[in-house]
Amino acid sequence: MALKSSEGAEALMGMILSRFQKGERRFLRSMYRMTSLRDAGDLEGARQQMRDVLAVEVVPQYRQMAEENLAGLDRPPLES
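First, a word on scope: everything that follows refers to the structure included in this document. What you see is a predicted model, and the numbers here were worked out from it, not measured in a lab.

**Section: the pattern of salt bridges**
Scanning all chains against the criterion turns up 5 salt bridges. In this structure, Glu57 and Arg26 form a salt bridge, with 3.0 Å as the shortest nitrogen-oxygen distance. Of the two residues, Glu57 sits in the loop between helix H2 (43-56) and helix H3 (60-73) while Arg26 sits in helix H1 (residues 6-39), which places them 31 residues apart along the sequence. By relative accessible area, which is 4% here, Glu57 ends up buried. Under the relative-accessibility criterion, Arg26 is labelled partly exposed at 24%. A salt bridge links Glu44 to Arg51, with the nearest nitrogen and oxygen atoms 2.6 Å apart. Overlapping salt bridges bring together Glu44, Arg47, Arg51 and Asp74 as one network.

Following this line, the structure appears as structure tokens:
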């Protein structure tokens, strides 16, 4: 019903944009913490950061990135 008026469409677009912005901030903060914990050797703490994102995230793009990072923590580190 939001699309029946221009005001409704604007409100819907505002809500979508807000979800993307909040999701991006949440994901980036969690990535920073995950990386810090991983580098400190706390893999379980690093995993928990991505699980916390997955518990609340609604934007598919950010959910997928969190899932990929969580899976990456279970792989052996790359040899340098």
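**Observations regarding a nonpolar patch on the surface**
On the surface, Met13, Ile16 and Phe20 cluster together to form a nonpolar patch covering roughly 270 Å² of accessible area. The topology assignment puts Ile16 in helix H1.

**Some thoughts on the packing of aromatic side chains**
Any aromatic ring pair is given by two values, namely how distant the centres are and how the planes are angled relative to each other. Summed over all chains, the structure comprises 2 aromatic pairs. Taking the centre distance of 6.3 Å and the plane angle of 70° together, the rings of Phe20 and Tyr62 count as edge-to-face. With Phe20 in helix H1 and Tyr62 in helix H3, the pair connects residues that are 42 residues apart, well separated along the chain. The exposure class of Phe20 is partly exposed, given its relative accessible area of 35%.

**Some thoughts on H3**
For H3, spanning 14 residues, the distance from its first C-alpha to its last is 20 Å, which sits close to the expected 20 Å at 1.5 Å a residue. Taken together, the buried positions of H3 are Tyr62, Ala66, Leu70 and Leu73. Looking straight down H3, one finds its buried side chains confined to an arc of 75°; they lie on one side. Residues of H3 that are buried in the fold lie against H1 and H2.

**Brief notes about the nonpolar core**
Formed by Phe27, Met34, Ala46, Met50, Val53, Leu54, Val59, Tyr62, Ala66, Leu70 and Leu73, the largest nonpolar core amounts to 11 residues. Looking at this core, the elements with two or more residues in it are H1, H2 and H3. Not counting chain neighbours up to four residues away, the residues in contact with Ala66 comprise Phe27, Met50, Val53 and Leu54.

Procedures and definitions
- Residues numbered from 1 in each chain as written.
- Predicted model: local features only at pLDDT ≥ 70, side-chain atom pairs only at ≥ 80, totals over all residues.
- Heavy atoms only, no water.
- Salt bridge = Lys/Arg side-chain N within 4 Å of Asp/Glu carboxyl O.
- Helix = DSSP H or I, 4+ residues; strand = E, 2+ residues; numbered from the N terminus.
- Buried < 20%, exposed > 50% of the residue type's maximum accessible area, 1.4 Å probe, protein only.
- Patch = residues over 30% accessible without salt bridge, like charges linked within 9 Å, V, L, I, M, F, W, Y side chains within 5 Å.
- Areas by Shrake-Rupley, 256 points an atom, 1.4 Å probe, with all protein chains shown as cover.
- Phe/Tyr/Trp six-rings, centres within 6.5 Å; stacked < 30°, edge-to-face > 60°.
- Expected span 1.5 Å × (residues − 1).
- Arc of directions from axis to C-beta.
- Contact = heavy atoms within 4.5 Å.
- Core = buried A, V, L, I, M, F, W, Y, C linked by side-chain atoms within 4.5 Å.

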